[in-house]
Amino acid sequence: IVRAESLFRLASANVRGGNQREALQAIEKIPRAVEESADWRADAEYLRGVLYEGEKQWEKAVKAYRVAARQTSSPSVARAALDRIGRIESAKWKN
């Protein structure tokens, strides 16, 4: 779990530094089984969604946002995740 949390922190730092590709590589190394037992799972899934959205991998982004919204105890994270899902879904209909 320690290595997984370190990968999450590395991904977060890469996002803050503008290194989206490196952040996505780090977050994809976190095993889902570990995330399920971790307190920070919702934050990791939200970040995963942001990164997938940046790569225009819409379906993966929506899936990650749904997990984040379901798992978080923070109403603001849940609202942000659902808002992002809404924007992705409405963009699909415009194209």
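Residues numbered from 1 in each chain as written. Predicted model: local features only at pLDDT ≥ 70, side-chain atom pairs only at ≥ 80, totals over all residues. Heavy atoms only, no water.

On to the pattern of salt bridges. Overall, the coordinates contain 4 salt bridges when judged by the stated rule. One salt bridge connects Glu45 with Arg48, and the closest N-O pair in it is separated by 3.3 Å. Of this pair, Glu45 and Arg48 are both found in helix H4 (residues 41-54), 3 residues apart, which corresponds to roughly one turn of the helix. Arg48 carries the same exposure label as Glu45, and that label is buried. (Salt bridge = Lys/Arg side-chain N within 4 Å of Asp/Glu carboxyl O. Helix = DSSP H or I, 4+ residues; strand = E, 2+ residues; numbered from the N terminus. Buried < 20%, exposed > 50% of the residue type's maximum accessible area, 1.4 Å probe, protein only.)

Below, the discussion takes up unusual backbone geometry. When glycine is set aside, most residues are seen to have a negative phi, and most peptide bonds are trans. For Lys56, which is not glycine, the phi dihedral falls at a positive 60°. Looking at the element boundaries, Lys56 is found in the loop between H4 and helix H5 (58-71).

Let us look at the packing of H5 against helix H6 (residues 75-94). The angle between the axes and the distance between the axes are what describe a pair of packed helices. Closest axis-to-axis distance for the H5/H6 pair is 8 Å, and the angle between their directions is 155°. With respect to each other, H5 and H6 are oriented roughly antiparallel. Crossing angle aside, the handedness with which H5 passes H6 is left-handed. Contacts between H5 and H6 involve Trp58, Ala61, Val62, Tyr65, Arg66, Ala68 and Ala69 from the former and Ala78, Ala81, Leu82, Arg84, Ile85, Ile88 and Glu89 from the latter. Residues of the contact of H5 with H6, tallied by class, amount to 11 nonpolar, no polar and 3 charged. (Axes fitted to C-alpha atoms, helices over the stretch in contact; angles between N-to-C directions. Parallel < 35°, antiparallel > 145°, perpendicular 65-115°, else oblique. Left-handed = near helix turned anticlockwise from the far one by under 90°. Contact = heavy atoms within 4.5 Å. Nonpolar A, V, L, I, M, F, W, Y, C, P; charged D, E, K, R; others polar.)

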